[in-house]
Amino acid sequence: MKNINKYILNINKINLKEIKKKDILKLKKKYLNKNGIINLYLKKIKFIKNKKELGKKINYLKSKILYLIKNYKSILKNKESSKIKYKINYDFFFKKKKKTLGSLHPISLIKQKIINIFKKLNFNLIFYKREIEDDYHNFDYLNFSKYHPSRQMQDTYYINKKDLLRTHTSSIQIRYMKTHKPPIRIITFGKVYRNETISKSSYNMFHQIEILYVDKDEFLSIIYLKNLINYLIINLFGSKYKYRYRISYFPFTKPSFELDIYYNFKWVEIIGCGMVHYKILKNVNYNYLKYKGLAIGIGVERIAMIYYNIKDIREFFKNDIRFLKQFKYEL
Ligand code: DAH
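Conventions we followed
- Residues numbered from 1 in each chain as written.
- Predicted model: local features only at pLDDT ≥ 70, side-chain atom pairs only at ≥ 80, totals over all residues.
- Heavy atoms only, no water.
- Pairing = 2+ DSSP bridges.
- Helix = DSSP H or I, 4+ residues; strand = E, 2+ residues; numbered from the N terminus.
- Near = heavy atom within 4 Å.
- Polar contact = N/O pair within 3.5 Å; in protein donor to acceptor, adjacent residues only side chain to side chain.
- Areas by Shrake-Rupley, 256 points an atom, 1.4 Å probe, with all protein chains shown as cover.
- Buried < 20%, exposed > 50% of the residue type's maximum accessible area, 1.4 Å probe, protein only.
- Contact = heavy atoms within 4.5 Å.

1. Focus: the pairing of strand β6 (residues 243–250)
On any regular strand, side chains alternate: one points to one face of the sheet, the next to the other face. Of the pairings in the sheet, the one linking β6 to strand β7 (residues 253–263) comprises seven bridges and is antiparallel in character. Looking at β7, one finds that phenylalanine 250 is bridged to threonine 253. What sits between the antiparallel neighbours β6 and β7 is a turn of two residues.

2. Notes on the site of the ligand
The full set close to the ligand counts 15 residues, and Ser170, Arg194, Gln208, Glu210 and Ala295 are the nearest of them. In the model, a nitrogen atom of the ligand is placed 3.0 Å from a nitrogen or oxygen of the histidine 168 side chain. Contact between the ligand and isoleucine 296: an oxygen atom at 3.4 Å from a main-chain N or O atom of the residue. Its free accessible area being 350 Å², the ligand has 91% of it covered by the protein chains.

3. Describing the sheet that holds strand β8 (residues 266–276)
Across the sheet, seven strands lie side by side as β1-β4-β5-β9-β8-β7-β6; this open sheet has mixed pairing. The sheet terminates laterally at β1 (124–125) and β6, the two strands that pair on one side only. Relative to strand β9 (residues 292–299), strand β5 (residues 205–215) runs antiparallel, the two being bridged by eight bridges. Of the residues in β9, the one forming a bridge with isoleucine 211 is isoleucine 296.

4. Focus on the side chain of glutamate 258
Summarising the element assignment, glutamate 258 is placed in strand β7. Judged by relative accessible area, glutamate 258 falls into the buried class, the value being 9%. A distance of 2.9 Å separates polar atoms of two side chains, one belonging to glutamate 258 and the other to serine 248. Not counting chain neighbours up to four residues away, the residues in contact with glutamate 258 comprise Arg244, Tyr245, Arg246, Ser248, Phe250, Glu269, Ile271 and Gly272.

Set out below in structure tokens:
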């Protein structure tokens, strides 16, 4: 056993910051064990005269060692907890930062694409959000006879005797013409409702885009109508698909046509169109001898299904985020 002063000197030399776990174990063993230096001195002190001085030194030495051990532990704890903190912060931080941008619904994307194409051709976008319509605007003004099949309950959702969920956006033509004078060059859109059995290819709610051009312009003709639609198809699909015009019937156009696209080995009807029937112009108090009109109705879901190659119309309305987030904003 050395002079206690030497032990004190040695202990004082120890730098807490550099101390390692094995040094601490050694310290404990050397000084604090049953046969450690502190105990040896405590035994020795009994036989010493100047107990006070040695006692102080022993206490000092012991407290110094305990201090080292205690502080080493808290330093260690701090180190570890700061490590943990850092880790948690790290993940948390990045997770928080990785905000995913939402995406537009494919129907909105296609709708906007089509609207943009017609805006370039100087059509004015107008909004008419009312989805409840009366049967005058939905049918009568548009020259549907009282006995037209689509008036019947199985096709139309009636709310009461006179009001219904609009079955097409063509009613907006009437609403607009009644409050505006020609020339008119508008595009509009909205949800429409039909009491159909839901299946892969039909739903009881869908979206339409409606285009109306009324003017006394001599160029306003079937050729003009056809050119407009060709322009739309080329801008949407390039020359990827064959398409055809087919003579058809709508009460509010004469002549009337439908446009089919050849997709998936089938002709799919996507557009109805025609020259506005003179009776419609008459119904809204336009001079039908002076003015001519053309109108186009576009089925947005059908086009979106072809554009994105979607096989089931119901996908659009499931709100499954895995489906929805595939569609990128690329207008
Ligand atoms: N409204 C028709 C429908 O729902 C589509 C349509 C056909 C709109 C001819 C038009 C048109 O503007 O001229 O099936």
